[in-house]
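Structural characterization, general
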Amino acid sequence: MRNHVDYLLKGKKHLFFLAFFTLVFSSLVIAQNRVTGKVTGPDGKPVFGATVAVKGTNIATTTTTDGSYAVTMPHNSNVLVFSYIGFEVSEVNVRGNNTIDVGMKLQTTSLNEVVVTGYTAQRKKDITGSVSVVNVAQMKQTPVGTGEEALQGRASGVTIITSGNPGGNSDIRIRGITAFGNNSPLIIVDGVRANLHDINTNDIESMQVLKDASAAIYGVAGSNGVIIITTKKGRTGRAKVSYDGYYGTTTHGNGYEMANTQEEANAIWLQQLNDGVATPTHPQFGTGPTPVIPDYITPAGAAAGAPNTDPATYDINSNQITKANKIGTNWYNEITRNAPMQSHNLSVSAGSDKSSYYFSMGYLNQQGILKYNFLKRYSVRANTQFSIKDHIRVGENFYAFYKENPLFGRNQSEQNSFTTAVRESAIIPVYDIMGNYGGTKSQGLGNSGNPYADVARTKDNKSRNWDIIGSVFGEVDFLRHFNFRTTFGGVIDNNYFYNFGYVAYENAEGNTGSNSFTEGAGYNSNWTWNNLLTYSNSIKEHNFRVLVGTEAVNNYGRYSNATRANYFSENPDYWILNTGTGAQSNAGGAYQSSLWSQFGKVEYSYAGKYLLNASLRRDGASVFAEDQRWGYFPGVSAAWVISQENFFKTVTFVNNLKLRYSWAKLGSTSNVDGTNPFNLYATRLGKSAYDIAGTNTGPVSGFYRSNIGNPETTWEGDIITNAGFDAVILNNKLDISLDWYKKKVSGLLFTKQGPATAYLFGGQDAQQPKVNIGDMQNTGIDFSATYHGTVGKDFKFDVGGQITSYKNKIVSIPGLPFYDEGAVRNTILQREQEGKPFGSFFGYKVIGLFQSADDVAKSPTQDDARPGVFKYADINGDGKIDVDDRTFIGDPNPDFEYGINISFTYKNFDFSTFFFGSHGNDIYNNLLYFTDFPDFFKGAIRREAAVNSWTPTNTDAKIPLLRTTGGFSTDAAGYGSSYFISKGSYLRNKQMQIGYTLPPSLLSKYGIERLRIYVQAANLFTITKYEGLDPELQSQPDSNGNIFTTFEYGIDQGSYPHTPSFLFGINLNF
Amino acid sequence: MKKIKRKFLILSSLAIIVLVVACSKKFLDKPPLGTLNPQIMATEKGVQGLLIGAYSLVDGEGTSGDGFASGASNWIFGGVTSDDAYKGSDPTDVAVAAPMEKWVSLDATNGAIPQKWAMGYAGAARCNDVLATMALASDIPADKVALIEAQVRFLRAFYHFELKKVFGNIPYADETLTPENTDNTVDAWPKIEADLTAAIGGLPDTWPGEPGRANVWAAKALLAKVYMFEHKYTDAYPILTDLINNGKTSGGAKYGLNDHFYSNFNPAQKNSKESVFAAQTSVQDNSSVDWGGDPNGNYGDILNFPYTGGPGACCGFYNPSQSLANSFKVDAATGLPLADPYSGPAVSAESGTGYSGTLDPRIDWTMGRPGIPYLDWGIHPGIAWIRNPTNDGNKSPLKNVYAESQKDAYTDVGSAYWGPTELVANNVNIIRFADVILWAAECEVEANDLAGATAHVNMIRSRMMDHPEAWVKTGTYDAASAAYTSGANADNYKIGLYPTFASQDAARTAVRTERQLELAMEGQRFFDLVRWGIAEPTVNAYIAREKAARPLKSDAHFTANKNEYMPIPQSEIDNLNSDGTEHLKQNQNY
């Protein structure tokens, strides 16, 4: 059967190419006509370097320094297209003339801007799908280290969530969450699959986001949207040299408002008094009616002169001597700093009609506000193109960078220093009397790590990447209407790291043990090879382009790392793997996958009024079994430029109006891997090895069934429909674009719940396959608008904004109608349920605090109820509070996110600012677990909790009574409660700058074309009701800092905050 | 025309390139890396490896869904549930185990219970996988097939026994179980017995060099234990007699009691003559916690170390209860347990005047308590090593701990924040010979053989009485022999033998007390209370004694005919009953 199917498919392939050859031969006609002329600008001066192309063909030339050109036109072509950056594109019908002079007009709309969409380039006005075109010039204004951060708020429909961590990863989602798991879009750089993270934003020429049927040409990879980046090329003309640089400082921010030593001690007393302890006692604060702040915390609670406080008796292990910080350590201030950042970018570009080059060097040094944390990146780009004769072009895009970006700990986790800063008690000083670290080994102060020690101990760790990202291409024009292009390229990422694990002798936990050293390296690679054949022609008012192509994508990677323990010296110079004398271990991994595709696309327009695009892609993916490997992904989009209709010509305030509709089927393999079709076994020491011989250290390695395969699994299918319009109104001053979409994901790749996943059938011991079940749906609106205005002669302004809204709904989950997300510190916070949005917070709803015994008695029965603790809502009204009263208490998905860009120029001054906001999302502030409930974990307390908790005399308090032992009425027995939920809306000023461009008259004698200086503030202010450090919260990254999924999304577990930066910068062109 | 030809040539060659790539089907064959396929497994080596994989879950760790609650020691399900110990740490740290102390808040969504359930059934699934794969292999000689099958059936019975005693109504996951025929109201005991009987028929007398494998004696002991749970004393007794007279370890040593009580808990003396069946553990074997978990050391008990100081510096769980400490009080004249050890001054009282009378010397091999040497870690400082003294008292677990002189040799190494120094190559006793002797005594009590029962109880007590050199002393601890080599007795110890029991009731009480003292902190207590039918009165009396001082217990209450068994995990019920049929019925009153 399988062979039969293959044969059929192959047969189809042959037919496909036969049809294509027929097409080729039917167009063989030859005849020529030579046209010359001159191109001038609105000022009458010649335009140098303008493109003069024969419409419907690949024949083109550029104007010389005096604006003149000469082009040979084929027999049945008679339209020339003149274009130059900043000018309106104009089309002229030659009508047999041999001389055509053209006066170009300044561009007032971007409709003629040519943008790259799915393997072809189109003018904006010819686009039929939902494509966000990023204003790259504005995007580059935000001083950030990664491409994702730069894109934030710049494209409607694109959600980017970042952190303040230099070089940290961000969540990228296009049109919301549409899968349980990976939602990352496809990133195409110069025609090949690459990534956005480490791109030098200065090199970006254009950036488009395909969100609907326009992504269908990418088939199985298009489901999460496609971001297409084109890097700069040399332009015809003399060499241009640009320098862009800035230098500035990121301020460390305000941090948390934590209780000081006295307040913390009082709170500890209050805990005990509330619990009926008549005479409170504490190892540090003594015994009695009030706490006494000791002179020393090690020895615990010691007064000056007490035994073992003599420095002579000091011993780091047995008699550490640590003085109390009687005022209180501000841990946030101890771990943070005002951090310098700088970026320098130098580029040279030039071109002639035979060749062009763009060369740039970039240096970025972004120090983090967390001490010892930084991103340094050195990058080089070289893009070149050569024309061999008139019809053959070859070229390459090459980008290489070297980066140092050590992990600061895991963002959004309780181990990172931003979290331990709310956990480490105020009374603990950074250092003990001998300059070693102080910590929770001093009794009664909880179990946090010393936040500063944790940071300082990372300072000699290394994390380095060397990457090459690039492509080579060759392109040939032939038979007048044909173009063949082949592109090969990809990414080679080499990463290397080492780190040292110190024994944190100062901590309550893990203060013994051995130090250790870990070193590792790995590489990730992918390559893409695509071949495209394009036929374009215009016959009268019919313009069409047909594209067929193939693409092969291959991914491969490996890593290995090793650890040794017991290093005699902790000096970094001593750290190599063989100098450790203790136990050693190692690990490694590898992956591979491939994709092979054929695709075709037709773009057709009639008289600039009726536009139709259709595409079809056939993908074969290695991650599925052979019978299920192939899938077809069609997409259709149509547009009607209604403003071109005669009946519309009377509506004068509308310059352009285009209605669009699209439908496509896309797919995704993001959430399935190559093990999925197979029944597999594995060996893993912890899972299948057993010390059958009783040797203590030498277990026999066995096997276990690691994967249960499903050969039936195939593509995840998304049906996306989109309707929208683009309008240019008010004399080309206002551009509006609005899209409504519905993205229906069906056959969501999902592990089926039910007997197969039951423990009873070993369903959790082996990994269950993903199967095509489960549906999710997003509907939403993307809106963007830009207004360009001029006031008087010198004042020009631009106001733009974009809004993204999506409404996510889980339509069906197979087996059971819901499942709970994994627990965060033993507490289940999120439930995925049919009919609810992804990531909904689930738990008990707090309706207030019990105010009195009488209140408790009158309320539904609740375990652990007493005055001062949470009163939960009796959701099912059965008179008792139990697991059946859990309910949905919040939604991490925003109603909408928006970006606002405002800029103006007045004479030589310019000003611009950019705001980004999110509205209507809820945040689960899990840090309150540590700061408001000293019974959970001892340690630092939030000041508000320390001084304003519920007591019989402070009954208006929101914070429950402090007590020594928690219970159901505060901890909800392993589930969340609405106490932790906050409104997460915010509006942030991402950047604001004022620039001054020096008059050219001053500069020309130095050969300087343009010099602009500016001052800038980034993240200047944030308007929010959220009380945590930063309302912008990303999903939980994996241990390497990568964000692949939407895991623990909307939960604050300690995130690296954004804080204001102040910069000074220069743009210089020669 | 020449030009056209050239173009055609270019075009054709391009098309060929495209087709060549199109035809290379191989391009899409990307087998997963670093895995093994079923064909490789269906060989003798493969099946033997799968068998090791089936053994590897005996320690209660190593499958998805495992955790502290699935550890072989049953410290949560057999210890914290009983009067042995408190959960320890702060009440909300591993809060899922707090309901095992409070009971009132225990429900089917509790996060600790699926851990044990997951482990048991993962073990059973691996056993079934060995059998299924072995059926496909053609290169295994018949005698080896029999040996493999016997081990598999032993392990499958073991995993189900662990489930049975915790959950009561369990489906038996053998190769015939399907989602459709699952029914947990069918009694699993006969199937457990059948697997063990088959194992006994196929297992060898010893496994030279492989003490971790189950031999015929281990299978007999487990069958006897099953009979004890079924109250089939007359079936158990002959097996127990056989074990006592003829039993030997897989290593070939005749069963006997170690001279030094603590040898049973000493990693340096693992797989001794007293070890009938134990979970084997190993460290420094590349499975460190640094690598993301699943280590082979005794991970189940990784939390059960003194807090801040001593061996692990973490995490302060599983603190022996004040009641347990008091139960070691003995009569100053006879050295026998007191009738009511819980009244009067408390042993190592947290405040006020503590007990100063005589104590069974086993107390200080069972727990760390203030003022007494804690192996070679120095004098236990009391609350300085306790995470939350209000709830956890002032005592620390000891039977899973190692000596300072054994650090590095028997502990893991690594730089995880906490963990490596609490990961120990300390076997977990599943059945030790003392256990067997005390079952025999129980059978004798039920058969009203008072002399026999007395003799067996005294056999246990004699070990301690005859070896005063193995009582805890103030001097130097020798980790090789699990005894102090110098110094005076650390406390006022005394132990004596029983005269022949006066009555069946007195004998029953004495045997039960002996089990409580001998096997304290070994995860057996709660299951004993349940099989004796005295869980409710014992646990509630214990709660009543302790609740005033322990906030976590303030509203604790054990409900009879409910709390004897854990609820079946709700997620499992949801999964199994998702076809609309009740395949899994929740345990009564949950």
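Quick look at the structure, then. (Residues numbered from 1 in each chain as written. Chains lettered and ligands numbered in written order. Predicted model: local features only at pLDDT ≥ 70, side-chain atom pairs only at ≥ 80, totals over all residues. Heavy atoms only, no water.)

Moving on, we get to the overall build of chain A. Looking only at helices and strands, chain A has 13 helices and 59 strands in total. Computed over C-alpha atoms, the radius of gyration of chain A comes to 32 Å, within 12% of the 31 Å expected from 2.2 N^0.38 for 1070 residues, which places it in the range of a compact globule. Once the C-alpha set of chain A is aligned to its principal axes, its extents read approximately 105 × 80 × 65 Å. Counting across all 1070 residues of chain A, residues that qualify as buried make up 59%. (Helix = DSSP H or I, 4+ residues; strand = E, 2+ residues; numbered from the N terminus. Rg over C-alpha atoms; globule rule 2.2 N^0.38 Å. Buried < 20%, exposed > 50% of the residue type's maximum accessible area, 1.4 Å probe, protein only.)

The next subject is the pairing of strand 28 (residues 516-539) of chain A. Residue and element names in this part refer to chain A. As judged from the 20 bridges shared by strand 27 (residues 482-501) and strand 28, these two strands associate in the antiparallel manner. Its bridge partner being in strand 28, Thr486 is matched across the sheet by Asn531. Sheet topology note: the strand 28/strand 29 (residues 542-565) ladder contains 24 bridges and is antiparallel. The partner of Asn526 across the bridge, within strand 29, is Asn555. Taken together, strand 28 and the strand that follows it, strand 29, pair antiparallel across an intervening segment of 2 residues, in which Lys540 is found at a positive phi of about 55°. (Pairing = 2+ DSSP bridges.)

This part takes up the interface of chain B and chain A. In many analyses, interface size is given as the accessible surface area lost on bringing the parts together. Taken together, the 118 residues of chain B in the interface contact 114 residues of chain A. When chain B packs against chain A, close to 9,500 Å² is buried across both sides, 61% of that on carbon and sulfur atoms. Its salt-bridge partner being Asp29 of chain B, residue Arg629 of chain A comes within 3.0 Å of it at the nearest N-O pair. At the boundary of chain B with chain A, the tally comes to 25 residue pairs in polar contact (both at pLDDT 80 or more). Counting residues per element, the ones that place at least two in the side of chain B that touches chain A are helix 1 (2-23), helix 2 (38-41), helix 3 (44-55), helix 6 (113-136), strand 1 (275-279) and helix 19 (570-576) of chain B. Among the elements that make up the side of chain B that touches chain A, the one with the highest residue count is helix 1 of chain B (11 residues). In the side of chain B that touches chain A, the residues fall into 56 nonpolar, 38 polar and 24 charged. (Contact = heavy atoms within 4.5 Å. Buried area = accessible area lost by both parts, 1.4 Å probe. Salt bridge = Lys/Arg side-chain N within 4 Å of Asp/Glu carboxyl O. Polar contact = N/O pair within 3.5 Å; in protein donor to acceptor, adjacent residues only side chain to side chain. Nonpolar A, V, L, I, M, F, W, Y, C, P; charged D, E, K, R; others polar.)

Turning our attention to the state of the cysteines. Two cysteines form a disulfide when their sulfur atoms are joined by a covalent bond. All names here are of chain B. For the coordinates displayed, the defined rule picks out 1 disulfide over all chains. The disulfide partner of Cys314 is Cys315, and the gap between their sulfur atoms is 1.8 Å. Classification of the bridge connecting Cys314 and Cys315 rests on its S-S torsion, roughly 95°, and on that basis the disulfide is right-handed. Residue classification places Cys314 among the buried residues on the basis of a relative accessible area of 0%. (Disulfide = S-S within 2.5 Å.)

Moving on: the packing of helix 6 of chain B against helix 7 (residues 142-167) of chain B. All names here are of chain B. Interaxial distance between helix 6 and helix 7 falls to 9 Å at its minimum, and their mutual angle equals 160°. Relative to helix 7, helix 6 is oriented roughly antiparallel. When the axes of helix 6 and helix 7 are compared, the crossing they make is left-handed. Every residue of helix 7 that contacts helix 6 at Ile113, Lys116, Trp117, Gly120, Tyr121, Gly123, Ala124, Cys127, Asn128, Val130, Leu131 and Met134 is listed here: Val145, Ile148, Glu149, Val152, Leu155, Arg156, Tyr159, His160, Glu162, Leu163, Val166 and Phe167. Looking at the contact of helix 6 with helix 7 residue by residue, the class counts come to 16 nonpolar, 4 polar and 4 charged. (Axes fitted to C-alpha atoms, helices over the stretch in contact; angles between N-to-C directions. Parallel < 35°, antiparallel > 145°, perpendicular 65-115°, else oblique. Left-handed = near helix turned anticlockwise from the far one by under 90°.)

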